[in-house]
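Spelled out, the chains give:
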Amino acid sequence: MDTEKKKDLLQAVIDKLSNEANLMEKSIESEYQTIKDAPGANKSWSDTTRSQMEDLLKGKINLLSDLEKGLITLKNLKAKISQMTTAQLGAVVETQSKNGKKEVYLIIPSGGEEIVFKDKAIILLSYSSLISSTLRGHKKGDRVTVRFPTGGTRTLTILEVS
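Residues numbered from 1 in each chain as written. Predicted model: local features only at pLDDT ≥ 70, side-chain atom pairs only at ≥ 80, totals over all residues. Heavy atoms only, no water.

With that out of the way, let us pick up the overall build of the protein. Counting its secondary structure elements, the protein contains three helices and six strands. From first element to last, N terminus to C terminus, the protein shows the α and β order α-α-β-β-β-β-α-β-β. By the compact-globule yardstick of 15 Å for 162 residues, the protein is too spread out, its C-alpha radius of gyration being 20 Å. Structurally, the protein occupies a C-alpha span of about 65 × 40 × 25 Å along its principal axes. (Helix = DSSP H or I, 4+ residues; strand = E, 2+ residues; numbered from the N terminus. Rg over C-alpha atoms; globule rule 2.2 N^0.38 Å.)

Pasting the structure below:
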């Protein structure tokens, strides 16, 4: 993938994740107001106490914080965009499995989603994921084997890194 396309891809991912962060912020604000208005444990027959709701909210706040940190990293990657020859954070990696299935990954701070970019499915691969850790450091032409905790394996040939 050339530099301009990669810059456009990173911007599409930034836009998508920014939108998710905005939605999460609104959800957090709404839930905070709900908690604030909720009766205390001694005033309610509810199974969900205010403290339980606060714990759930803290989890969402942590997710939002991670998302915002990831967005900062992506913006920095976009600003310093370069062609990469090895799989690493910010790299676009095209692979093919033994059965011939091709997949394109973008290694980002936190992923787990798929986006369609210019009619092509791109898997947003978390830097800490098993597949990412197996791909990292490898280059075009390398063959890697992902070993899953369940005992299964998946062999991938790297077709392109950019």
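Time to look at helix α2 (residues 50-79). Taking 1.5 Å per residue, 30 residues should reach 44 Å; α2 reaches 43 Å between its end C-alpha atoms and fits that length. Listed as buried for α2 are M53, L57, L64, L67, G70, L71, L74 and L77. (Expected span 1.5 Å × (residues − 1). Buried < 20%, exposed > 50% of the residue type's maximum accessible area, 1.4 Å probe, protein only.)

What follows deals with the pairing of strand β1 (residues 92-97). Looking at chain direction, β1 and strand β2 (residues 102-108) are connected through five bridges and run antiparallel. Each residue of the ladder has a partner; that of V93, found in β2, is Y105. Pairing geometry for β1 and strand β6 (residues 153-161), over five bridges, is antiparallel. Looking at the pairing, V93 lines up with V161 of β6. (Pairing = 2+ DSSP bridges.)

Attention shifts here to the sheet that holds β6. Reading across from one edge, β3-β4-β2-β1-β6-β5 is the order of the six strands in this open sheet, with mixed pairing throughout. At either margin of the open sheet sits one strand with a lone partner, and together these are β3 (113-117) and β5 (143-147). With strand direction ignored, the average angle separating the axes of adjacent strands in the sheet is 40°. Along the sheet face, helix α1 (residues 3-37) touches β1, β2, β3 and β4 (120-126) and points at about 130° away from the line of β3. (Axes fitted to C-alpha atoms, helices over the stretch in contact; angles between N-to-C directions. Contact = heavy atoms within 4.5 Å.)

Grouped together as the largest cluster of nonpolar side chains are 24 residues, with contacts concentrated most on L9, V13, L17, L74, L106, I108 and I122. At the level of elements, α1, α2, β2, β3 and β4 are the ones that each hand at least two residues to this core. Element by element, the count of residues in this core is highest for α1, at eight residues. Not counting residues up to four positions away in its chain, the partners in contact with L106 are L9, L10, V13, G90, A91, V92, I122, I123, L124 and L125. Core analysis: the next-biggest nonpolar cluster, separate from the first, contains 15 residues, I107, L135, L156 and V161 among them. (Core = buried A, V, L, I, M, F, W, Y, C linked by side-chain atoms within 4.5 Å.)

Helix packing geometry: the angle between the two helix axes and the distance between the axes. At a closest axis distance of 9 Å, the pairing of α1 and α2 adopts a crossing angle of 160°. As summarised for this structure, α1 and α2 are arranged roughly antiparallel, according to the angle between their axes. At the point where α1 passes α2, the crossing takes the left-handed sense. Split by residue class, the contact of α1 with α2 holds 18 nonpolar, four polar and 11 charged. (Parallel < 35°, antiparallel > 145°, perpendicular 65-115°, else oblique. Left-handed = near helix turned anticlockwise from the far one by under 90°. Nonpolar A, V, L, I, M, F, W, Y, C, P; charged D, E, K, R; others polar.)

So, on to α1. An ideal rise of 1.5 Å per residue puts 51 Å on 35 residues; α1 measures up with 51 Å between its terminal C-alpha atoms. Elements that come into contact with the buried residues of α1 comprise α2, β1, β2, β3 and β4. With a side-chain oxygen lying 3.1 Å from the backbone nitrogen of E4, the N-terminal cap of α1 falls on D2. (Polar contact = N/O pair within 3.5 Å; in protein donor to acceptor, adjacent residues only side chain to side chain.)

What follows deals with the environment of T145. In this fold, T145 is placed in strand β5. Note on T145: relative accessible area 32%, which makes it partly exposed. Residues T145 and I81 lie 64 residues apart in sequence; the distance between their C-alpha atoms is 28 Å. Not counting the four nearest positions on each side in its chain, T145 is found in contact with T134, T153, R154 and T155.

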